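Observations on the three-dimensional arrangement
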Amino acid sequence: MHRGRGPESDVTRGTVAQLTLTVGALGHALADLGEAVAHVGALRQLGSLPRSPRRTTAIESERSQLYARIDSTRRQLNQAGGRLHQEADRLTAPPTPPRSPRATGATPVPSPIPATSRIR
């Protein structure tokens with residue numbers, strides 16, 4: 001396999017590496033979000049139980065875990081977004097190919113002919 005050594009290859013490798021890190025962070029954020037949904041489900045089930053000190057303690061524990069997962073998700077998404085933003089600032093546009101020279105005005109352009117009226 002031939003690996004390019006030019007600046008475009010370096011940009012491509014850097015972009016791929018950055019996207020890989022970002023996708024990993026997004027995967028962790030989604031996992032945390034999935035756990036948060038599980039805690040919401042547990043809170044719904046606990047809410048349907050008769051009131052007791054044990055239920056109150058369980059609800060407090062589930063809420064604490066829910067908030068921790070939401071905070072972790074938010075933090076990871078913010079970090080991933082920040083990384084993507086920084087990488088976007090570093091990217092350089094690939095060089096554009098040279099344009100072909102424009103045709104000169106040697107060929108006259110005829111003026112438009114007005115349309116005839118169709119009244120019946």
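Now for a look at the structure at hand. Note that the coordinates shown come from a computational prediction; the quantities given were computed from them, not determined experimentally.

Let's talk about the overall build of the chain
The helix and strand tally for the chain stands at 2 helices and 0 strands. Per-residue burial for the chain yields a buried fraction of 18% across its 120 residues. A separation threshold of at least 6 residues defines the contact pool for the chain, and within that pool the share at least 24 residues apart is 73%.

Let's talk about the pattern of salt bridges
Applying the stated rule across the entire model yields 3 salt bridges. A salt bridge links R69 to D32, with the shortest nitrogen-to-oxygen separation between them at 2.9 Å. Remark: D32 occurs in helix 1 (residues 7-47) and R69 occurs in helix 2 (residues 53-90); sequence separation between them is 37 residues. The partner of D71 in a salt bridge is R74, and the shortest N-O contact between them spans 3.0 Å. With D71 and R74 both in helix 2 and 3 residues apart, this pair spans about one turn of that helix. A single network of salt bridges, built from pairs that share partners, joins D32, E35 and R69.

Regarding the side chain of S72
Note on placement: S72 falls in helix 2. Side-chain polar atoms of S72 contact the side chain of D32, separated by 2.4 Å.

Each value, and the rule that gives it
Residues numbered from 1 in each chain as written. Predicted model: local features only at pLDDT ≥ 70, side-chain atom pairs only at ≥ 80, totals over all residues. Heavy atoms only, no water. Helix = DSSP H or I, 4+ residues; strand = E, 2+ residues; numbered from the N terminus. Buried < 20%, exposed > 50% of the residue type's maximum accessible area, 1.4 Å probe, protein only. Contact = heavy atoms within 4.5 Å. Salt bridge = Lys/Arg side-chain N within 4 Å of Asp/Glu carboxyl O. Polar contact = N/O pair within 3.5 Å; in protein donor to acceptor, adjacent residues only side chain to side chain.

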